[in-house]
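# Survey of secondary and tertiary structure
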Amino acid sequence: MYVNNKKKACEEVGIRSFEYALPEETTETELIELIGRLNGDPEVDGILCQLPLPKHINEEKILNSIDPSKDADCFHPFNVGRLMIGNPVFQPCTPYGVMELIKESGIEISGKECVVVGRSNIVGKPQAMLLLAQNGTVTICHSKTKNLKEVCKRADILVVAIGKAKFVDASYVKEGAVVIDVGMDRDENGKLCGDVDFESVKEIAGAITPVPGGVGPMTIAMLMRNTVMAAKVAKE
Ligand code: GUN
């Protein structure tokens, strides 16, 4: 679903995309060789390796092999480091999309209590960095956090990225809080839903994103933006 949506978005905006759907038995060396060819191809401006990878392939090695100037996902350590020091070239697509949603909704971040639930390299950690860069007071929660509910209830801006269907209900949310749901889960009937119980939380939140139709399309839009930026820089 993710890959198809990305391909569709490329068509819509006029980016040529190439999918390499490799068999599961592909070796790490073969994958690194393919990335090496794409790194060296002047026709290619952006590269992403859809995660997760099979167990026999070292994710870190693969992400390290992508040319940082073509790193449309912003997963290469060079780009992650730039993000950490507050001087990013690319921004990671999902957290970047969340920041755009907040900005376009006219919501101020400076001085606000921002709680990020989840500490993944794809969402939680970079999300915290981006909120911090906008002067939010940021707390990162994870599976070992004590009193999760109380911490979430302090949030003016609550970003949830834990991968557990409808985990956050209204009892986790302060009246008027901004609630951003990064989850892509299935409910008991197999229907797509988020980490937030939308029906209960919408009654108390000041603003809330739905699933589907909230953060997901923003992730893809930011992937397009990163790719266009990489192309512009390459042509400079
Ligand atoms: N798997 C889940 N989310 C992502 C993403 O944003 N990029 C890539 N490459 N893989 C993912």
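Scroll up to find the structure.
Report follows, based on the coordinates. (Residues numbered from 1 in each chain as written. Predicted model: local features only at pLDDT ≥ 70, side-chain atom pairs only at ≥ 80, totals over all residues. Heavy atoms only, no water.)

### Examining the side chain of Lys6
Secondary-structure assignment places Lys6 in helix 1 (residues 2–13). Here Lys6 is buried and forms no salt bridge, its nearest opposite-charge partner Asp73 lying at an N-O distance of 4.9 Å. One polar contact links Lys6 to Gln50, side chain to side chain, over a distance of 2.6 Å. In contact with Lys6, other than residues within four places in its own chain, are Leu48, Gln50, Ile220, Leu223 and Met224. (Helix = DSSP H or I, 4+ residues; strand = E, 2+ residues; numbered from the N terminus. Buried < 20%, exposed > 50% of the residue type's maximum accessible area, 1.4 Å probe, protein only. Lys, Arg positive; Asp, Glu negative; His and termini not counted. Salt bridge = Lys/Arg side-chain N within 4 Å of Asp/Glu carboxyl O. Polar contact = N/O pair within 3.5 Å; in protein donor to acceptor, adjacent residues only side chain to side chain. Contact = heavy atoms within 4.5 Å.)

### A short note on the pairing of strand 1 (residues 113–117)
A large share of strand 1 lies buried, amounting to four of its five residues. Looking at chain direction, strand 1 and strand 2 (residues 137–141) are connected through five bridges and run parallel. Paired with Glu113 across the two strands is Thr137, which belongs to strand 2. Chirality of the crossover, the property in question, places the unit of strand 1, helix 6 (residues 124–133) and strand 2 among those that are right-handed. Both strand 1 and strand 3 (residues 157–160) contribute to a ladder of four bridges, which runs parallel. By the bridge assignment, Val116 is partnered in strand 3 with Val159. (Pairing = 2+ DSSP bridges. Right-handed = clockwise from strand over helix to strand, strands pointing away.)

### Remarks on the packing of aromatic side chains
Any aromatic ring pair is given by two values, namely how distant the centres are and how the planes are angled relative to each other. For the structure on display, the rule yields one aromatic pair. Between Phe167 and Tyr172, the ring centres sit 5.7 Å apart and the planes meet at 55 degrees, which makes this aromatic pair tilted. On the basis of relative accessibility, which here comes to 30%, the residue Phe167 falls in the partly exposed class. Given a relative accessible area of 12%, Tyr172 falls into the buried group. (Phe/Tyr/Trp six-rings, centres within 6.5 Å; stacked < 30°, edge-to-face > 60°.)

### Looking at the site of the ligand
The full set of residues close to the ligand is Lys6, Leu48, Cys49, Gln50, Leu51, Asp73 and Phe75. At 2.6 Å from a nitrogen atom of the ligand is found a side-chain nitrogen or oxygen belonging to Asp73. Across the complex, the protein chains shield 86% of the 270 Å² of accessible surface that the ligand would expose by itself. In terms of residue class, the shell around the ligand is built from four nonpolar, one polar and two charged. (Near = heavy atom within 4 Å. Areas by Shrake-Rupley, 256 points an atom, 1.4 Å probe, with all protein chains shown as cover. Nonpolar A, V, L, I, M, F, W, Y, C, P; charged D, E, K, R; others polar.)

### Concerning the packing of helix 5 (residues 93–104) against helix 9 (residues 215–235)
Put simply, helix 5 and helix 9 touch, their axes get as near as 7 Å, and they point 110 degrees apart. By the angle between their directions, the pair helix 5 and helix 9 is classed as roughly perpendicular. Contacts between helix 5 and helix 9 involve Cys93, Thr94, Tyr96, Gly97, Val98, Glu100 and Leu101 from the first element and Val215, Met218, Thr219, Met222, Leu223, Arg225 and Asn226 from the second. Looking at the contact of helix 5 with helix 9 residue by residue, the classes come out as eight nonpolar, four polar and two charged. (Axes fitted to C-alpha atoms, helices over the stretch in contact; angles between N-to-C directions. Parallel < 35°, antiparallel > 145°, perpendicular 65-115°, else oblique.)

### Focus on the pattern of salt bridges
Tallying each qualifying case throughout the model produces ten salt bridges. The partner of Glu28 in a salt bridge is Lys61, and the shortest N-O contact between them spans 2.9 Å. Residue Glu28 is located in helix 2 (residues 28–39), and its partner Lys61 is located in helix 3 (residues 59–65); the two are separated by 33 residues in the primary sequence. Overall, Glu28 belongs to the buried group, its relative accessible area being 17%. When its relative accessible area of 45% is taken as the criterion, Lys61 is described as partly exposed. Asp187 serves as the salt-bridge partner of Lys166, at 4.0 Å between the closest nitrogen and oxygen. Of this pair, Lys166 sits in the loop between strand 3 and strand 4 (178–181) while Asp187 is found in the loop between strand 5 (185–186) and strand 6 (192–193), placing the two residues 21 residues apart along the sequence.

### Observations concerning the environment of Met184
Within the fold, Met184 resides in the loop between strand 4 and strand 5. Residue Met184 is classed as partly exposed on the basis of its relative accessible area, which comes to 34%. Measuring from C-alpha to C-alpha, the distance between Met184 and Val151 comes to 23 Å, with 33 residues separating the pair along the chain. Each residue touching Met184, except ones within four places of it in the same chain, is listed here: Met1, Tyr2, Leu192, Cys193 and Val211.

In short, the description is geometric, and any link to function would need to be established separately.
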